[in-house]
Amino acid sequence: MRIKPPHPDMPWVPEMPVRRLKPSRVLGVERFSDFDEFRANEVLGLGTSTPLRPREFSLSRAILPLRDGLFVLQRSFARRYEAEIGTDNGVGLVVPLTFHSIANGREVDSSMIAVMRGKAPVKAIEHHPNTYLMLRFNSDMRHRGWADFDTVLSYVRTQDDPMARLRAAIVEMFSLASACNDPRQLEALYRPIQETLLAGLDATLLPAGARTARPGSFDKHRKLIAHLDDVVALFGSKPLYSDDLAAALGVSVRTLQVATHAVHGVSLHHYLRLKRLWAVRVQLMTGGDGLTVKAAALGNGFWHLGDFSRSYRLVFGEAPSETLARGRRPLHLAIDA
């Protein structure tokens, strides 16, 4: 199966089966081929599983702790499942890669993300193995505007394009962790990786109309974006993260999202991404002989270098290596050219 994100900023990414992920110093991998040895993961609470076809039992999971939460990518088995799922604090999510079940009498498929604040009883039947990501964030994420509902458990039906980009980011995140044997290397990428994941979740979980500004609020939003630009300038060469910028401005991320969309017609993440691309371009054009494209990209929060190169070429019409080469040319040669 190939996940096809139609957005040009994201490549086609093959869905990586969990069983192909290898453990590393930052990624834990567990595999079970015998139900008697199977242990449930507690990321979203413990439950009771009864396999529908015990002779075909197989389960694989990859466990990745990030800065603000825990992430478990799992390939389950056909089963009946009973549990009280959710979190005692923060928010829990189940993001499907390939998924179908009947949960509490409701059909749940690959287009639906489960969102939990608190704990709720669930009785489900899964007739086939499912692949999904379980996430637990330490924050309830209401400041981002996610699924602002009163019930403990809700399902958010997503659109195809943002869901495809979110799945692609998940696959790349776990692939990188599987190949990384230096915890310091991944630790340096925690924030960029998590920001990419948050961008994908913002795009899928914000309800329709959440970015629509109230009538007569344009001037207020224009002033807020002007302040945002000032703060970005003060950040200098530091990577730009939505939570940090919102905190510096004293507003919620959701407020920044509404203002960016009202003033520029794009999402907050797209706007910040363009600014980070411009920051890389300036460095490549003015950097010294020791500068590399990789160092400039990583220094500005781009952790997926293939995706960065495609985005850079799309925005500027040339590869980042071409910009770097031109920046290193003597001034008189550059003028003559």
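Residues numbered from 1 in each chain as written. Predicted model: local features only at pLDDT ≥ 70, side-chain atom pairs only at ≥ 80, totals over all residues. Heavy atoms only, no water.

**Student:** Outline unusual backbone geometry, supporting the account with residue identities and numerical values.
**Tutor:** Phi angles above zero are rare outside glycine, and Asn 104 is one such case at about 50 degrees. Tracing the sequence through the fold places Asn 104 in the loop between strand E9 (100-103) and strand E10 (106-109). Accessibility expressed as a relative area gives 47% for Asn 104, which makes it partly exposed. Its identity as a non-glycine residue notwithstanding, Met 141 has a phi of 65 degrees, on the positive side. In this fold, Met 141 is placed in the loop between strand E13 (131-137) and strand E14 (153-157). What makes Met 141 buried here is its relative accessible area of 5%. (Helix = DSSP H or I, 4+ residues; strand = E, 2+ residues; numbered from the N terminus. Buried < 20%, exposed > 50% of the residue type's maximum accessible area, 1.4 Å probe, protein only.)

**Student:** Lay out the packing of aromatic side chains with the relevant residues and their values.
**Tutor:** Taken as a whole and assessed by the stated rule, the structure comprises 14 aromatic pairs. Considering the side-chain rings of Phe 71 and Phe 137, the 5.6 Å spacing of their centres and the 85 degrees angle between planes classify their relative orientation as edge-to-face. Remark: Phe 137 occurs in strand E13 and Phe 71 occurs in strand E6 (residues 69-75); sequence separation between them is 66 residues. The same class applies to Phe 71 as to Phe 137, namely buried. Ring pairing ties together the aromatic residues Phe 32, Phe 35, Phe 38, Phe 57 and Phe 77, which thus form one cluster. (Phe/Tyr/Trp six-rings, centres within 6.5 Å; stacked < 30°, edge-to-face > 60°.)

**Student:** So what's going on with the packing of helix H3 (residues 218-235) against helix H4 (residues 242-249)? Which residues, and what values?
**Tutor:** Relative to each other, H3 and H4 sit at 115 degrees, their axes nearing to 10 Å. When the axes of H3 and H4 are compared, the pair comes out roughly perpendicular. Crossing handedness for the pair H3 and H4: right-handed. Contacts between H3 and H4 involve Leu 224, His 227, Leu 228, Val 231, Val 232 and Phe 235 from the former and Asp 244, Leu 245, Ala 248 and Leu 249 from the latter. Its residues assigned to classes, the contact of H3 with H4 comprises eight nonpolar, one polar and one charged. (Axes fitted to C-alpha atoms, helices over the stretch in contact; angles between N-to-C directions. Parallel < 35°, antiparallel > 145°, perpendicular 65-115°, else oblique. Left-handed = near helix turned anticlockwise from the far one by under 90°. Contact = heavy atoms within 4.5 Å. Nonpolar A, V, L, I, M, F, W, Y, C, P; charged D, E, K, R; others polar.)

**Student:** Would you mind going over the pattern of salt bridges in detail, with residue names and values included?
**Tutor:** This model, assessed by the stated rule, comprises 17 salt bridges. The residue Asp 202 makes a salt bridge to Arg 144 at a minimum N-O spacing of 2.8 Å. Of this pair, Asp 202 sits in helix H2 (residues 183-205) while Arg 144 sits in the loop between E13 and E14, placing them 58 residues apart in sequence. Given a relative accessible area of 0%, Asp 202 falls into the buried group. Connected through shared salt-bridge partners, Glu 30, Arg 39 and Arg 61 make up one network. (Salt bridge = Lys/Arg side-chain N within 4 Å of Asp/Glu carboxyl O.)

**Student:** Requested: an account of the pairing of E13, with residues and values cited.
**Tutor:** Each regular strand displays side chains that alternate between the two surfaces of the sheet. Counting buried positions over the seven residues of E13 gives six, a clear majority of the element. In terms of strand pairing, strand E8 (residues 91-98) meets E13 through seven bridges, oriented antiparallel. Paired with Val 95 across the two strands is Leu 133, which belongs to E13. (Pairing = 2+ DSSP bridges.)

**Student:** Hey, could you go over helix H1 (residues 160-179) for me, with residue numbers and the actual values?
**Tutor:** For H1, with 20 residues, the first-to-last C-alpha span of 29 Å sits near the 28 Å given by 1.5 Å per residue. Among the 20 residues that make up H1, 14 are buried, leaving the element largely enclosed by the rest of the structure. (Expected span 1.5 Å × (residues − 1).)

**Student:** Before we move on, could you go through the environment of Leu 256 and cite the residues and values that matter?
**Tutor:** By the element assignment, Leu 256 lies in helix H5 (residues 253-264). Accessibility expressed as a relative area gives 0% for Leu 256, which makes it buried. Distance in space between the C-alpha atoms of Leu 256 and Arg 19 is 40 Å, their sequence separation being 237 residues. Among all residues touching Leu 256, those that are not within four sequence positions of it are Leu 224, Leu 228, Leu 245, Ala 246, Leu 249, Val 251 and Leu 268.

**Student:** Let's hear about the sheet that holds strand E4 (residues 47-51): which residues, and what values?
**Tutor:** A sheet is described by the order of its strands in space; here five strands give the open sequence E4-E7-E12-E9-E10, paired in antiparallel fashion. Because the sheet does not close on itself, it has two edges, and the strands there are E4 and E10. Averaged over neighbouring strand pairs, the angle between their axes works out to 25 degrees when direction is ignored. Note: E9 against strand E12 (residues 119-126), two bridges, orientation antiparallel. Its bridge partner being in E12, Ile 102 is matched across the sheet by Ile 125.

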